[in-house]
Amino acid sequence: MPSRHGLNRASPYLFLAPAAAVALVGLVYPMLRSVWLSFHEWSIGTPPESARFVGLENYRWLLADDAFWVSVGVTMTFALAVVVLEVVLGVALALVLDRDLRGTSLFRTVFILPMMIAPIVVGLIWRFLYNEQFGPLSQLLKALGLPGVPWLSSPDMALVSVIIADVWQWTPFIFILALAALQGLPASAIEAARIDGATRWQTTLYIKLPLIAPVIAVAALLRLIDAFKVLEVIYILTEGGPGLSTEILSLHIYKTAFVSQQLGRASALSNLLLLIVLVLTVLLVLARSLRASRAGKE
Amino acid sequence: MSGTATTRRATPVSYAVIVALAILSLGPILVMIATSLKAKPEIFSGSFSLIFMPTLENYRAVLGDAQNARYLTNSLIVATVSTGLTLIFGCMAAYAIVRFRFFGRDVVSGGTLLMRMVPPAVLTVPVFMIWTYEFGFSNSLSGVILVYTAINLPFVIWILQSFIAQVPPALEEAARIDGANDFQVFFLVVLPMIKPGLAAAAIFTFRIAWNEFILALVLTNRFTRTMPVKVSLFINEHNIEWGQIMAIGTLIAIPPLVFTFLASRQIITGMTAGAVKG
């Protein structure tokens, strides 16, 4: 008998090998290459060996570039706005709808539909809805006697329109998680508060919300990380415009690389975006371990 | 959802709220489907209506175009093959992480989470460079399949871990006592037990590969394009053919919509697994 469990010492590595090989070739190596490229100047159409080493020049250029800072601002505004709106709306709806409703599973199915369809299709849908001549939204406003809104054509409004599309698509994510958390709460805690004379409002504020806070924090962080991945919806809706008003970092990377053809700079940009996401991921891990340790105490 | 002592009863107001939300969720999708079934004058008439004479004209135009048929096929090939590969490689890796104690396990486990967070835009430049100039993958479906498998693996590994952890170790033990080796235990005992997890993972993976746009845009040419890339080129033409665009949009939306109705339970489990479980 080799060991009590019969486990072969090489087995874990054999099980891991195919996934590790794909991840090394398709993720790890490209990211290392991205770091390498960010210190070089390279143009499409020439072999990468002909790239010229420029040290920190790409990063220095980026940090001095107004378009970069505009893009950082747009990204931060977009990410914070969608997370705050989605969390507030999602949690509020979950609190309102935490009842013995019939047909919950059908409604939940309907709510996840927007999340399941392609972001590119979400972009199409909203570009049509926002159309100022024949789009349904403009007609709705006209029917109500309200003035038309330059949804995508005004720099101030475009970012709002893009945020609305994301809120439409992703609020249900927070709602479903919050509702699941509420319905998993120990009945005893709420019962006890009631017996002590707490009003419904007090129960919500002091018992329910603190108890579901860890789940909401994790969900919000997941949404925040996802917000930095958004590209398609904005690409279809505005292509980053008017001007740079909706040019989030993902889109800025794409344009820098494949429109302006500055691949070294685009790589430097990619690495900065990766750094932001990395920091957020570390926060996520901390939030989850905090949640786990709290759960352990209960 | 089963009424515990503290679950409040539903009121007409709560039903009104939930129905309004359902209309908000569905409405824009229905607008797309309705528009795809409309003749051109009706779309541009300036008065949107859900009552109209449906026509399949747009679908005939879209599917009658040999290019589109090719792009749809490309999308199907890329999504199906990459999903298959991701699932096989992913469940094996998840099994190793859950059931074995080995050197480097924490690195693998932590690395998986980190890689799940990488924005695809970050990969466009290096993958374009490597695929084109180092691997000779340029404009090939295999190149797209490889990168899709790579970006989906961390997610599949993550989601399957919780399902594998629930398989009773005693079952595996029993198989080992009967003389099964690690691979037999995995393929004959564990895999059949985690079918629901595999279904959830398959849906998520297929959906991401089927919907993916930016990497496909950078890595394909006019022969190897996928459907989302086609749409993006179509919409930036001067005279937007809204009827046909919405028909393509609907075609792209159909597989995810069908999956959602067939397996909403698994999808919600998968979605909540990340946040609710640890």
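Per chain, residue numbering runs from 1 following the sequence as it is written. All chains are assigned letters beginning at A, and all ligands numbers beginning at 1, according to the order in which they are written. The predicted origin of the model limits local features to residues at a pLDDT of at least 70 and limits the giving and counting of side-chain atom pairs to 80 or more, whereas totals for whole chains, interfaces and linings rest on all residues. Excluded from the side-chain calculation are hydrogens and water; included are all heavy atoms of the structure.

**Re the domain arrangement of chain B**
Residue and element names in this part refer to chain B.
Here is step 1 of the chain: Domain borders in the structure are assigned automatically or taken from a domain database. What the domain assignment lists for chain B is domain 1 (9-55) and domain 2 (57-276).
Here is step 2 of the chain: Computed from C-alpha atoms alone, the centre-to-centre distance between domain 1 and domain 2 is 31 Å.
Here is step 3 of the chain: Across the boundary between the two partners, domain 1 contributes 12 residues, which contact 13 residues of domain 2.
Here is step 4 of the chain: Taken together, the two surfaces of domain 1 and domain 2 that pack against each other cover about 950 Å², and 64% of this comes from carbon and sulfur.
Here is step 5 of the chain: Two parts lose some accessible area (1.4 Å probe) when they are put together, and adding that loss for both gives the buried area. On the domain 1 side of the interface with domain 2, the three residues burying the most area are M32, S36 and T55, jointly 48% of the side's total.
Here is step 6 of the chain: Salt bridge, as used here: a side-chain nitrogen of Lys or Arg that lies within 4 Å of a carboxyl oxygen of Asp or Glu. Here domain 1 and domain 2 share 1 salt bridge between them. Two residues form a contact once any of their heavy atoms are found within 4.5 Å.

**Considerations on the nonpolar core**
Here is step 1 of the chain: Among the nonpolar cores identified, the biggest contains 196 residues, and A:F78, A:V121, A:W126, A:F173, B:Y148 and B:W242 are the most heavily contacted of them.
Here is step 2 of the chain: Mapped onto the domain boundaries, this core takes at least three residues apiece from domain 1 (9-55) and domain 2 (57-276) of chain B.
Here is step 3 of the chain: Leave out the neighbours within four places in its chain, and A:F173 touches A:M115, A:A219, A:L222, A:R223 and B:M271. Residue types Ala, Val, Leu, Ile, Met, Phe, Trp, Tyr and Cys, when buried and joined through side-chain atoms within 4.5 Å, form a set referred to as a nonpolar core. The rule is simple: take the accessible area with a 1.4 Å probe, protein chains only, and divide by the maximum for that residue type; under 20% is buried, over 50% is exposed, in between is partly exposed.

**A word on helix 11 (residues 249-258) of chain A**
Here is step 1 of the chain: For the purposes of this entry, the term helix denotes a DSSP run of H or I that reaches at least four residues, the term strand denotes a run of E that reaches at least two, and both are numbered from the N terminus. Here helix 11 of chain A lies mainly inside the structure; 9 of its 10 residues are buried.
Here is step 2 of the chain: Within the sequence span of helix 11 of chain A, burial applies to A:L249, A:S250, A:L251, A:H252, A:I253, A:Y254, A:T256, A:A257 and A:F258.

**Here's the deal with the pattern of salt bridges**
All names here are of chain A.
Here is step 1 of the chain: By the definition in use, this model includes 13 salt bridges over all chains.
Here is step 2 of the chain: In this structure, R60 engages E57 in a salt bridge whose closest nitrogen and oxygen atoms are separated by 3.1 Å. Taken together, the residues R60 and E57, both in helix 2 (residues 57-63) and 3 residues apart, mark about one turn of the helix.
Here is step 3 of the chain: Given a relative accessible area of 54%, R60 falls into the exposed group.
Here is step 4 of the chain: In this structure E57 comes out as partly exposed when scored by relative accessible area, which is 37%.
Here is step 5 of the chain: K255 serves as the salt-bridge partner of E247, at 2.9 Å between the closest nitrogen and oxygen.
Here is step 6 of the chain: Judged by its relative accessible area of 4%, E247 is buried.
Here is step 7 of the chain: If you follow the salt bridges from partner to partner, you end up with E86, D166, R223, D226 and K229 in one network.

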